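# Analysis of the macromolecular model
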Amino acid sequence: MPALLLCCGYASGMFPNVAPSSWHPIQIAPDSHLGAPVGSRCMGVALPGNSLQTWSTATGVRPCMLMSFEQWYDSQLPGEKLAEDQAVGIHAEMFTWEPWKPKPYSSHILVQGAIQQGITDREIADGRWDGYITSWAQDVAKYPHITVYIRFAHEMNGTWYPWNHHPRAYIAMWKHVVGIFRKLDVKNARFVWSASVGMGIPRSRWEPHMRTYWPGRKYVSVVGATVINFGGTGHTHSARQFEPRLATMHRVFGKPVMLTEVDTQYKGRAGWIHDLANYVATTRWIKAVVWSQLLSRGQHDMQTGNMGWQVAGDSTQVLQAFRQLAAAAAKPLPSTTGITATVGGGS
């Protein structure tokens, strides 16, 4: 969904060091990043590498993965961000890779989700963007020590993105893109099929519709899910309310699950984060939690709670809950299903 920061205070250095003098940032062991052997888990955050130190100081958490949003019409390659990661010792990056020309955030959701000629699912599947995809894949391959998770064309089962309209064309597009990475043998790439959990939609409709976009196990490394408690009228959901949908995604697709975009409203935030931490700590098939306090495409037409807060610089209670979540996300758990895989597939 998101793409711009609500608040860039941590990047500008305006947040003070809120951690007590006795506190040391939660460290992720060098060998526990997402490219590590079976059983590894990770805490990530939507943040540029050059802001990591300030953010970590303000939260007491050092993530093992960073995440960013990249739109195809910008034609930017990932090398610059991967170089930043490498410079600060990050070994995993998630790119939410969006095949579109973004509309203004003030646009109605149906305007945002309208088909964009020139960059449709079918046109991508037919090879129109092969040059860009190839260049992008080659850039990823230049950083073999960073595992790159590609959250491509996410939340396809919603209505707020233009790649949602034709499931068959979506699957063809997905397979074509993965095929280019495989042909180039980009060993450090992983593909994340990341859906909306559809909290406002009855399960009897949500699950069958989501299934229509599934490209098949051999084209997906890990399943992703957006977990955002928007609050407000009709959109307030406890952390526990997400659990059945996440379990369904794991059961139906037989893959580990990443919580690829996690946030909550200001009201009750400490308790919500604490509850999510307890769930993550005991759910072995959840392989990563990515905290993202960025603007959301889906919230413009919703009566939400206050989403304009930042965990960096928040109260001691909130920071303690957040550190608990980070520790839970990085806690090794016995598992028979890892996420190390060849490009786009495997287990």
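Bear in mind the structure is a predicted one, so any value in this text is a computation, not a measurement.

What counts, and at which threshold
- All residue numbers refer to positions counted from 1 along the written sequence of the respective chain.
- Two thresholds apply to this predicted model, a pLDDT of at least 70 for residue-level local features and 80 or more for giving and counting side-chain atom pairs, whereas whole-chain, interface and lining totals are computed over all residues.
- Heavy atoms from the whole structure form the basis of all side-chain values; hydrogens and water molecules are not counted.
- We count a stretch as a helix when DSSP gives it H or I for four or more residues in a row; a strand needs E for two or more, and each element gets its number in order from the N terminus.
- Summary of the burial criterion: residues with accessible area below 20% of their type's maximum are buried, those above 50% are exposed, and those between are partly exposed, where the area comes from a 1.4 Å probe applied to protein chains only.
- Here, two residues are considered to be in contact whenever any of their heavy atoms come within 4.5 Å of each other.
- Here the open area of atoms and residues is found with the Shrake-Rupley method and a 1.4 Å probe, where only the protein chains shown may cover a residue.
- How sure the predictor is of each residue is captured by pLDDT, a score from 0 to 100.
- Any two cysteine sulfur atoms lying within 2.5 Å of each other are counted as a disulfide.
- Take a side-chain nitrogen of Lys or Arg and a carboxyl oxygen of Asp or Glu: if they are within 4 Å of each other, that pair is a salt bridge.
- Between N-to-C directions, angles span 0 to 180 degrees; the directions come from axes that are lines fitted to C-alpha atoms, helices contributing only their stretch in contact.
- Each angle receives one of four descriptions, namely roughly parallel if under 35 degrees, roughly antiparallel if over 145, roughly perpendicular if within 65 to 115, and oblique otherwise.
- Less than a right angle of anticlockwise turn of the near helix away from the far helix marks a crossing as left-handed, whereas a clockwise turn marks it as right-handed.
- Under the grouping applied here, Gly and all other residues not named as nonpolar or charged are polar, the nonpolar ones being Ala, Val, Leu, Ile, Met, Phe, Trp, Tyr, Cys and Pro and the charged ones Asp, Glu, Lys and Arg.
- Expected helix span is given by 1.5 Å per residue-to-residue step, counting one fewer step than there are residues.
- DSSP calls a pair of strands paired once it identifies at least 2 bridges connecting them.
- Note on handedness: a clockwise path from strand one over the helix to strand two, with the strands aimed away from the viewer, defines a right-handed crossover.

## Digging into the overall build of the protein chain
Along the protein chain, the regular secondary structure elements total 11 helices and 8 strands. For the protein chain, buried positions account for 59% of its 347 residues. Within the protein chain, residue pairs in contact and separated by at least 24 positions form 83% of the contacts whose partners lie at least 6 positions apart. Approximately 13,600 Å² of the protein chain is accessible, and the part contributed by carbon and sulfur atoms is 54%.

## Considering the confidence of the model for the protein chain
Here the protein chain averages 86 in pLDDT, and 83% of its residues register 70 or above. Note that pLDDT drops below 50 for residues 336-342; the model gives that stretch 28 contacts with residues more than four away or on any other chain.

## What to know about the state of the cysteines
Overall, the coordinates contain 1 disulfide when judged by the stated rule. Across the disulfide from Cys42 sits Cys64; the S-S distance is 2.0 Å. Taken together, the residues Cys42 in strand 1 (residues 42-46) and Cys64 in the loop between helix 2 (52-59) and strand 2 (65-71) connect sequence positions 22 residues apart. Judged by its relative accessible area of 6%, Cys64 falls in the buried class.

## A few points about the pattern of salt bridges
Scanning all chains against the criterion turns up 12 salt bridges. Across the pair Lys142 and Asp139 runs a salt bridge whose closest N-O atoms are separated by 3.4 Å. Here the salt bridges do not stand alone but share partners, grouping Arg203, Glu207, Arg211 and Arg251 into one network.

## Notes on the packing of helix 8 (residues 203-211) against helix 9 (residues 239-253)
Taken N-terminus to C-terminus, the directions of helix 8 and helix 9 make an angle of 40°; their axes are 12 Å apart at the nearest point. Classified by the interaxial angle, the pair formed by helix 8 and helix 9 is oblique. Helix 9 is crossed by helix 8, and the crossing has right-handed handedness. Of the residues in helix 9, those touching helix 8 at Arg203, Trp206, Glu207, Met210 and Arg211 are Arg245, Thr248, Met249, Arg251, Val252 and Phe253. Across the contact of helix 8 with helix 9, the residue classes break down as 5 nonpolar, 1 polar and 5 charged.

## So, the environment of Phe230
Residue position: Phe230 is located in the loop between strand 6 (222-229) and helix 9. Judged by relative accessible area, Phe230 falls into the buried class, the value being 8%. C-alpha separation for the pair Phe230 and Thr304, spaced 74 residues apart in sequence, amounts to 5.4 Å.

## Digging into the side chain of Thr248
With respect to the helices and strands, Thr248 occurs in helix 9. With a relative accessible area of 2%, Thr248 lands in the buried category. Ignoring any residue separated from it by four or fewer positions in sequence, one finds Thr248 in contact with Arg203, Trp206 and Glu207.

## Some details on helix 10 (residues 269-282)
Along an α-helix, a turn takes 3.6 residues, which lines up residues three or four apart on a common side. Across its 14 residues, helix 10 extends 21 Å between first and last C-alpha, which sits within 8% of the 20 Å expected from 1.5 Å per residue. Turning to helix 10, its buried residues number three or more, namely Arg269, Ala270, Trp272, Ile273, Leu276, Ala277, Tyr279, Val280 and Ala281. For helix 10, the elements touching its buried residues are strand 6, helix 9, strand 7 (257-264), strand 8 (286-291) and helix 11 (316-330).

## Considerations on the pairing of strand 7
Of all 8 residues that make up strand 7, 8 are buried, and the element is covered over most of its length. Where strand 6 meets strand 7, 7 bridges bridge the pair, whose relative direction is parallel. By the bridge assignment, Ile228 is partnered in strand 7 with Asp263. Note that the unit made of strand 6, helix 9 and strand 7 has a crossover that is right-handed. Across 4 bridges, strand 7 lies against strand 8 in parallel orientation. Within strand 8, the residue paired with Val262 across the bridge is Trp291. In this fold, strand 7 hands off to helix 10, which returns the chain to strand 8; that crossover is right-handed.

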